[in-house]
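Coordinates in review
Chain by chain, the residues run as shown.
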Amino acid sequence: MEADGFVRRRRMTAETTGNDPGVAGASAGAEVRWLGGRFWGVSESIVGSLTPRVGGETELQNVNFICSAQDAQTEDSEPDYEGLPQGASTSTHMLAGAVAGIMEHCLMFPIDCVKTRMQSLQPDPAARYRNVMDALRRIIATEGVLRPLRGLNATAIGAGPAHALYFASYEKLKKTLSDLIHPGANSHLANGAAGCVATLLHDAAMNPAEVVKQRMQMYNSPYSSVLDCVRAVCQKEGAAAFYRSYTTQLTMNVPFQALHFMTYEYLQELLNPHRQYNPSSHMLSGALAGAVAAAATTPLDVCKTLLNTQESPALSSSGQSQGAHRHISGLSHAFRTVYRLGGLQGFFKGAQARVIYQMPSTAISWSVYEFFKYGLTKRQHDKRKMQQSEAES
């Protein structure tokens, strides 16, 4: 999972966009303050920023005149959001990314639990569900209110550093590669390459947490706690079990991120062509991009779940529990097992839950990331201006 910072063009000038940077910065700042008090909504000033206008030649000249006349005032007021990321530090990207990752996974964890169960190849009769809502109702009614939250602490611990590495490495690589490939402008190739490299780091940090989380999410999970699960896996399967699905995870996430970025970029061109700080467009574009990428990569996610959980019924049916190899290992082995037990339909088990999970998940992640990145960078910007003022006086 990802915000406008993923695929944003370099800062566009007022002459190109036809917008007053002072107005854009003030509107973005108003949105940040408003979101700090409420979770979501639209004020009149935000509505104005949702549809930035592109004026004619005469209007552009008027705007340029106003910009030059108000230049001194705008320098002392809110900075233009599109200019802020250039001064954002690595620590800012890491902190904003960590918060975004933790919020994304924690808020959507019950749906993630349902997705894991619905991807089971041979579920227990008591764990066969018609749809997402039916699954949630039955899990809560038969296993308790907190049952959909088992493994949440493992996810929170893994999501923080994983997303911090992801966002920080992405921002750094994107800028470096863009300067090499297409200096002064946005490069889709640079965005895609940076996303792929960042995925390597993200998955390396997140994969052990995914293994523990999914094993605790399964029906009749034998583990009493996260530590109990970690000890049991190490003793019975070895430490390598925590990375058994790593190559599959990468195989899934590379096309996922490619589809993610391309869809998000296309939607941003339609909804937010001037690439201003705009929570509404970030959220909508992120949700739709996540849905497209999630649906297309569901078969790989089913294989990843099988590799992580090592379902006992699946092992028995495939003859693995009695054979020389007691575990399903490798992507090709997982593909053969899924096809043998579920046919072509088996590769799309839990597709509905995966899409329902991914849409708000990516929307939350990108919106929160951009919100915190803007707030933290603006604070650093104001601090630097204050220090410069004190030095001049």
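Quantities reported herein were computed from a predicted structural model and do not represent experimental measurements.

Some thoughts on the overall build of the protein chain
Regarding its fold elements, the protein chain presents 18 helices and zero strands. For the protein chain, the proportion of its 393 residues judged to be buried stands at 50%.

Things to note about the pattern of salt bridges
One pass over the full model with this rule turns up 17 salt bridges. A salt bridge links arginine 138 to aspartate 134; its shortest N-O distance comes to 3.8 Å. Here aspartate 134 and arginine 138 lie together in helix H9 (residues 132-143), a separation of four residues that amounts to about one turn. Judged by its relative accessible area of 28%, arginine 138 is partly exposed. On the basis of relative accessibility, which here comes to 5%, the residue aspartate 134 falls in the buried class. Each of Asp112, Lys115, Glu210, Lys213, Asp301, Lys304 and Arg354 takes part in a single network of salt bridges with overlapping partners.

Some points on the environment of valine 99
Here valine 99 is to be found in helix H7 (residues 90-107). For valine 99, a relative accessible area of 22% translates into the label partly exposed. Along the primary structure valine 99 and glycine 160 are separated by 61 residues, whereas in three dimensions their C-alpha atoms are 6.8 Å apart. Aside from chain neighbours lying at most four places away, what touches valine 99 is Val368 and Phe372.

Details of the nonpolar core
One finds Ile111, Val114 and Tyr129 to be the most contacted residues of the largest nonpolar core, which totals 23 residues. Elements supplying a minimum of two residues to this core: H7, helix H8 (109-118), H9, helix H10 (152-181), helix H11 (188-217) and helix H18 (351-392). Top element by residues in this core is H18. It accounts for five residues. Dropping the residues within four chain positions of it, tyrosine 129 is found in contact with Arg117, Met118, Asp134, Ala135, Arg138, Ile139 and Glu143. Residues Val211, Met216, Tyr223 and Val233 belong to the second largest nonpolar core, which totals eleven residues.

Digging into the packing of H7 against H18
Two numbers describe how H7 lies on H18: the axes approach to 8 Å, and their chain directions differ by 150°. One finds that H7 runs roughly antiparallel with respect to H18. With respect to the hand of their crossing, H7 and H18 are arranged in right-handed fashion. Between H7 and H18, the contacting residues are Thr92, His93, Leu95, Ala96, Gly97, Val99, Ala100, Met103, Glu104, His105 and Leu107 on the first element and Tyr357, Ser361, Ile364, Ser365, Val368, Tyr369, Phe372, Lys373, Leu376, Thr377 and Gln380 on the second. Looking at side-chain class alone, the contact of H7 with H18 contains twelve nonpolar, eight polar and two charged residues.

Things to note about unusual backbone geometry
Of note, asparagine 220 is a non-glycine position whose phi angle comes to about 55°, a positive value. Of note, asparagine 220 is situated in the loop between H11 and helix H12 (226-237). Relative accessible area serves as the criterion here: at 56%, asparagine 220 is assigned to the exposed category.

A short note on the side chain of threonine 263
Tracing the backbone shows threonine 263 in helix H13 (residues 246-271). The buried category is assigned to threonine 263, whose relative accessible area is 17%. Of the polar contacts made by the side chain of threonine 263, one reaches the backbone oxygen of leucine 259; its length is 2.8 Å.

Topic: the confidence of the model for the protein chain
Per-residue pLDDT for the protein chain has a mean of 75; in total, 73% of the residues score no lower than 70. In this model, residues 1-85 is a region of pLDDT below 50 whose contacts with residues beyond four sequence positions or in other chains number 166 contacts.

Some words on helix H15 (residues 298-309)
Taking 1.5 Å per residue, twelve residues should reach 16 Å; H15 reaches 16 Å between its end C-alpha atoms and fits that length. Burial runs high along H15: twelve of the twelve residues are buried. By the burial criterion, the buried members of H15 are Thr298, Pro299, Leu300, Asp301, Val302, Cys303, Lys304, Thr305, Leu306, Leu307, Asn308 and Thr309. Residue glutamine 310 follows H15 closely and has a positive phi angle near 50°.

Quick notes on the side chain of threonine 305
Residue placement: threonine 305 occurs in helix H15. When near neighbours in sequence (up to four residues on either side) are disregarded, threonine 305 contacts Lys115, Thr116, Gln119 and Gln214.

Topic: the packing of H13 against H18
Where H13 contacts H18, the axes come no closer than 14 Å and their chain directions differ by 60°. Helix-helix and strand crossings are classified by hand; for H13 and H18 the assignment is right-handed. Here Met252, Phe256, His260 and Tyr264 of H13 lie close against H18, whose contacting residues are Arg354, Gln358, Thr362 and Trp366. Here the residues of the contact of H13 with H18 sort into four nonpolar, three polar and one charged.

Let's talk about a nonpolar patch on the surface
On the surface, Tyr266, Leu270, Leu271, Leu284 and Leu288 cluster together into a nonpolar patch covering about 480 Å² of accessible area. Mapped by element, the contributors of at least two residues to the nonpolar patch are H13 and helix H14 (279-296). A per-element tally of the nonpolar patch places H13 first, with three residues. Along the chain, leucine 271 falls in helix H13. With a relative accessible area of 34%, leucine 271 lands in the partly exposed category.

Calculation rules
- Residues numbered from 1 in each chain as written.
- Predicted model: local features only at pLDDT ≥ 70, side-chain atom pairs only at ≥ 80, totals over all residues.
- Heavy atoms only, no water.
- Helix = DSSP H or I, 4+ residues; strand = E, 2+ residues; numbered from the N terminus.
- Buried < 20%, exposed > 50% of the residue type's maximum accessible area, 1.4 Å probe, protein only.
- Salt bridge = Lys/Arg side-chain N within 4 Å of Asp/Glu carboxyl O.
- Contact = heavy atoms within 4.5 Å.
- Core = buried A, V, L, I, M, F, W, Y, C linked by side-chain atoms within 4.5 Å.
- Axes fitted to C-alpha atoms, helices over the stretch in contact; angles between N-to-C directions.
- Parallel < 35°, antiparallel > 145°, perpendicular 65-115°, else oblique.
- Left-handed = near helix turned anticlockwise from the far one by under 90°.
- Nonpolar A, V, L, I, M, F, W, Y, C, P; charged D, E, K, R; others polar.
- Polar contact = N/O pair within 3.5 Å; in protein donor to acceptor, adjacent residues only side chain to side chain.
- pLDDT = per-residue confidence, 0-100.
- Expected span 1.5 Å × (residues − 1).
- Patch = residues over 30% accessible without salt bridge, like charges linked within 9 Å, V, L, I, M, F, W, Y side chains within 5 Å.
- Areas by Shrake-Rupley, 256 points an atom, 1.4 Å probe, with all protein chains shown as cover.

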